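# Close look at the chain arrangement
Each chain, written out:
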Amino acid sequence: MKAKTLLLTINLDHIAFMSCNPAVGGLGKGHLVKELDALDGEMGRNIDATGIQFKVLNTKKGPAVRSTRIQADKTRYALRMKKKIEEQEGLRVRQGTVERLIVDGATVRGVETQWGERLFSRAVVVTTGTFLKGLVHVGLEQFEAGRMGDFSSVGLSQCLKDLGFEIGRLKTGTCPRLDGRTIDFSRLEPQHSDDPPRPFSFLTREITGRLVPCYITYTNETTHEIIRSGFDRSPLFTGKIKGTGVRYCPSIEDKIVRFKERTRHRIFLEPEGLDTQEYYPNGLSTSLPLDIQIKMLRTVNGLEGVEITRPGYGIEYDFVYPTQLYPTLETKRIGNLFLAGQINGTTGYEEAGAQGLMAGINAALRSRDEGNFVLGRDEAYIGVMIDDLVTKGVDEPYRMFTSRAEHRLFLREDNADLRLTEKGYDIGAVSKERYGTVIDKRRKIEETHEMLRSVRLKPTKETLERLVNLGIEGIKNPVTLEELLKKPAVAFDDLKRIDSRLGAVEGDIAYQVELNVKYRGYTERQRDMIERTRKLEDKKIPADTRYEEISGLSKEVIERFSKVRPFSLGQASRIPGVTPASITALLVHFKKKGII
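Residues numbered from 1 in each chain as written. Predicted model: local features only at pLDDT ≥ 70, side-chain atom pairs only at ≥ 80, totals over all residues. Heavy atoms only, no water.

### Comments concerning the nonpolar core
Formed by 72 residues in total, the largest nonpolar core has its most connected members in Leu101, Leu337 and Ile382. Excluding residues that lie within four positions of it along the chain, Ile382 makes contacts with Leu32, Glu35, Leu36, Leu39, Ala354, Met358 and Leu375. In terms of nonpolar packing, the next biggest core, distinct from the first, is built from 24 residues, Val479, Leu485, Ile498 and Val505 among them. (Core = buried A, V, L, I, M, F, W, Y, C linked by side-chain atoms within 4.5 Å. Buried < 20%, exposed > 50% of the residue type's maximum accessible area, 1.4 Å probe, protein only. Contact = heavy atoms within 4.5 Å.)

Following this line, the structure appears as structure tokens:
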């Protein structure tokens, strides 16, 4: 967007360093990465170039919930991303720890580093990860760190408190790393890449890098007994850890307490890269003492002689309750100050990347006084996530799932570029080249639909025999190829054998056309629902509304409205505890005032 930008980071060598599992995507998360890519973010291209195992999850389910996940070469992922950042025109990179924000009245003016250097700007985006007063736990030992091997950020956390922000405490964790030379892979179940591997980025045409498998193994009752024997030295159960952990990605000690009926838990052994022997045992996040970690690992099939290269650990960190933000991710308390990532109570690289993109876009727009860029719940998973954060808040680390999106049939991975690239181009966030590819894709889709509508099959003897040979039920009346494609048993590939011209249609175009035809009834119903919902979204609430003056609202609802300060009736309706009667009361009040 050509905004003159400075990136300040604690350690230049750790840009894009994957401190947890070295992978991008997964259920729901893959949708975020596709949307990031559609808006010209780098994450999709970076993982395509450095991925070592490619999988599409949920392939046996409907297209709305299929998600891509790619295992990364951890070192190459970080090095390539750092190179891209250093090559980015208009972006400077500096090493330094921000100790405090420079604020004038209710507007941020810049930052001050630990060396007393004062740097001024039109907008500031804070993306602190787990570094805000980060505290690492291994057993009963604890020490300050943003992650293992990096300093924590203490001054900035206190600065945010002094500015009046409501701060909370969360906890996450990571797994021990294992020496691959001490793993018996012959006893494990390999998990190979899809063939052919499907990339994340819409611009990636082919995956050419070397691919390697991941492996599956399981814990057992003996493993669980050893884990229980360490509870008296676990920071999770002795009260050392105060923060709330990730419900959907619990530590192994938390799993065996919450799921007592399970006799085993699955572990994915994931390579950390092509040039290292280290493996990441995904599913074994832990903060148990090191001796317990070693004992439990050696009870697992294939890991009987394993050696740990780095211990697993838990980490606590401060975050800012996200109901203190606008949907642009600008803070309500301090103008031109934007927060993104784990500071807002989320977890994962994908959630952080998507927020960073949106905060960056809005910071660039704000620096030029050019309005806001907000995506609705019906437009993107990014919109769902941000609306959830600023409307409902968090009481545990937030993770994206497909189930969070009520319009997920529209918000598929495969159509993220068709949904978002033009929007990004209109605000200057997307290159002309990428925009051109989407315009071309849209044209090809429409041309293919036109071709299917123009070819009509008549129930002649020759046609019926042809359909039988293809395993397709016969027809009684004339039908177009598009009408034939509506049948559940008919695929686009079948049509290619009926009309040879369709053989030239590219795979991604054929996929879009087939989904458009087969799901048209569902999507039309969902579109009607979106239109009804959008009427509430269009009704804006003045920022200075005094809810205590509105009759018909309970004290509880007044308190919730006053805390969140919803920007529209749509957002107000999604605040937990708000009833339809409360929304009616708002409507009546604003109509009387002539606001709506």
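### Description of the side chain of Arg377
With respect to the helices, strands and loops of the structure, Arg377 is situated in the loop between α8 (349-367) and α9 (381-392). In terms of polar contacts, Arg377 uses its side chain to reach the side chain of Asp387, at 2.8 Å. Aside from chain neighbours lying at most four places away, what touches Arg377 is Gly383, Val384, Asp387, Asp388, Arg404, Glu406, His407, Leu411 and Arg574. (Helix = DSSP H or I, 4+ residues; strand = E, 2+ residues; numbered from the N terminus. Polar contact = N/O pair within 3.5 Å; in protein donor to acceptor, adjacent residues only side chain to side chain.)

### A few points about unusual backbone geometry
Apart from glycine, the bulk of residues carry a negative phi angle, and the bulk of peptide bonds sit in the trans form. Between Asp195 and the following residue, Pro196, the backbone shows a cis peptide bond with an omega angle of 5°. Here Lys133, not a glycine, exhibits a phi torsion of approximately 50°, which is positive. Within the fold, Lys133 resides in the loop between β9 (124-126) and β10 (135-138).

### Side note on the sheet that holds strand β16 (residues 266-271)
Within the open sheet, the 6 strands sit side by side as β14-β15-β16-β17-β13-β18. Their pairing is antiparallel. Of all the strands in the sheet, just β14 (189-191) and β18 (308-310) have a single pairing partner and so form its edges. With strand direction ignored, the average angle separating the axes of adjacent strands in the sheet is 35°. (Pairing = 2+ DSSP bridges. Axes fitted to C-alpha atoms, helices over the stretch in contact; angles between N-to-C directions.)

### Things to note about empty space enclosed by the protein
Inspection of every chain in the model, using the stated rule, returns 1 cavity of 30 Å³ or more. If you add up the space inside the largest cavity, you get close to 100 Å³. Contributing to the lining of the largest cavity are Lys34, Val56, Pro63, Arg66, Thr68, Arg198, Glu413, Asp414 and Tyr511. Class assignment for the residues of the lining of the largest cavity results in 3 nonpolar, 1 polar and 5 charged. (1 Å grid on protein atoms, 1.4 Å probe; cavity = no way out; pocket = protein on both sides within 12 Å on 5 of 7 lines; lining within 4 Å. Points joined across faces, edges and corners; volume = space filled by probe spheres on them. Nonpolar A, V, L, I, M, F, W, Y, C, P; charged D, E, K, R; others polar.)

### Section: the packing of helix α1 (residues 29-38) against α9
At their nearest, the axes of α1 and α9 sit 8 Å apart, and the two run at 115° to each other. When the axes of α1 and α9 are compared, the pair comes out roughly perpendicular. Within the contact between the two elements, α1 uses His31, Leu32, Glu35 and Leu36 and α9 uses Tyr381, Ile382 and Met385. For the contact of α1 with α9, a count of residues per class yields 5 nonpolar, 1 polar and 1 charged. (Parallel < 35°, antiparallel > 145°, perpendicular 65-115°, else oblique.)

### Overview of the packing of helix α10 (residues 416-426) against helix α11 (residues 432-454)
Each packed pair of helices is defined by two parameters, the angle between the axes and the distance between the axes. With their axes 10 Å apart at the nearest point, α10 and α11 run at an angle of 140° to one another. Judged by the inter-axis angle, α10 sits oblique to α11. As for the relative orientation of α10 and α11, their crossing is left-handed in sense. Contact residues: Asp417, Leu418, Thr421, Glu422 and Tyr425 in α10; Lys432, Arg434, Tyr435, Val438, Lys441, Arg442 and Ile445 in α11. The residue makeup of the contact of α10 with α11, split by class, is 5 nonpolar, 1 polar and 6 charged. (Left-handed = near helix turned anticlockwise from the far one by under 90°.)

### Quick word on helix α5 (residues 221-229)
Of the positions making up α5, those classed as buried are Thr223, His224, Ile226 and Ile227. Each buried residue of α5 lies within a common arc of 160° when the element is viewed along its axis, so the set occupies one face. Considering only its buried residues, α5 is in contact with α6 (252-258) and α7 (290-297). A side-chain oxygen of the first residue of α5 lies 3.0 Å from the backbone nitrogen of Thr222; this N-cap is Asn220. (Arc of directions from axis to C-beta.)

### Some words on the pattern of salt bridges
One pass over the full model with this rule turns up 57 salt bridges. The closest approach of N and O atoms between Glu86 and Lys82, which form a salt bridge, is 3.7 Å. One end of the pair, Glu86, and the other, Lys82, are both in helix α3 (residues 74-87), 4 residues apart, so they sit about a helical turn from each other. One salt bridge in this structure joins Glu531 and Arg534, with 3.3 Å as the shortest N-O distance. Of this pair, Glu531 and Arg534 are both found in helix α16 (residues 520-537), 3 residues apart, which corresponds to roughly one turn of the helix. (Salt bridge = Lys/Arg side-chain N within 4 Å of Asp/Glu carboxyl O.)

### Quick notes on the pairing of strand β11 (residues 141-144)
Here is the key point about a regular strand: its side chains alternate between the two faces of the sheet. Direction of pairing for β10 relative to β11: antiparallel, over a ladder of 4 bridges. Bridge pairing in β11 links Val138 to Glu141. Following β10, the chain reverses through 2 residues before pairing antiparallel with β11; Gly139 in that reversal takes a positive phi of roughly 60°.

### A closer look at the environment of Glu465
With respect to the helices, strands and loops of the structure, Glu465 is situated in helix α12 (residues 461-469). Spatially, the C-alpha atoms of Glu465 and Gly376 are 49 Å apart, while their sequence positions differ by 89 residues.

### Notes on the packing of aromatic side chains
Considering all chains together, one arrives at 7 aromatic pairs under this definition. Ring centres 4.7 Å apart and planes at 45° place the aromatic pair Phe185 and Tyr215 in the tilted group. Within this pair, whereas Phe185 is found in the loop between β13 (177-179) and β14, its partner Tyr215 is found in strand β15 (residues 214-218), the two being separated by 30 residues in sequence. When its relative accessible area of 23% is taken as the criterion, Phe185 is described as partly exposed. In textbook terms, an aromatic cluster arises when at least three aromatic residues are bridged by ring pairs, as seen for Phe185, Tyr215 and Tyr279. Over the ring of Tyr326 we find Lys332, and its NZ or CZ is 6.0 Å from the ring centre. (Phe/Tyr/Trp six-rings, centres within 6.5 Å; stacked < 30°, edge-to-face > 60°. Lys NZ or Arg CZ within 6 Å of the ring centre and 35° of its normal.)

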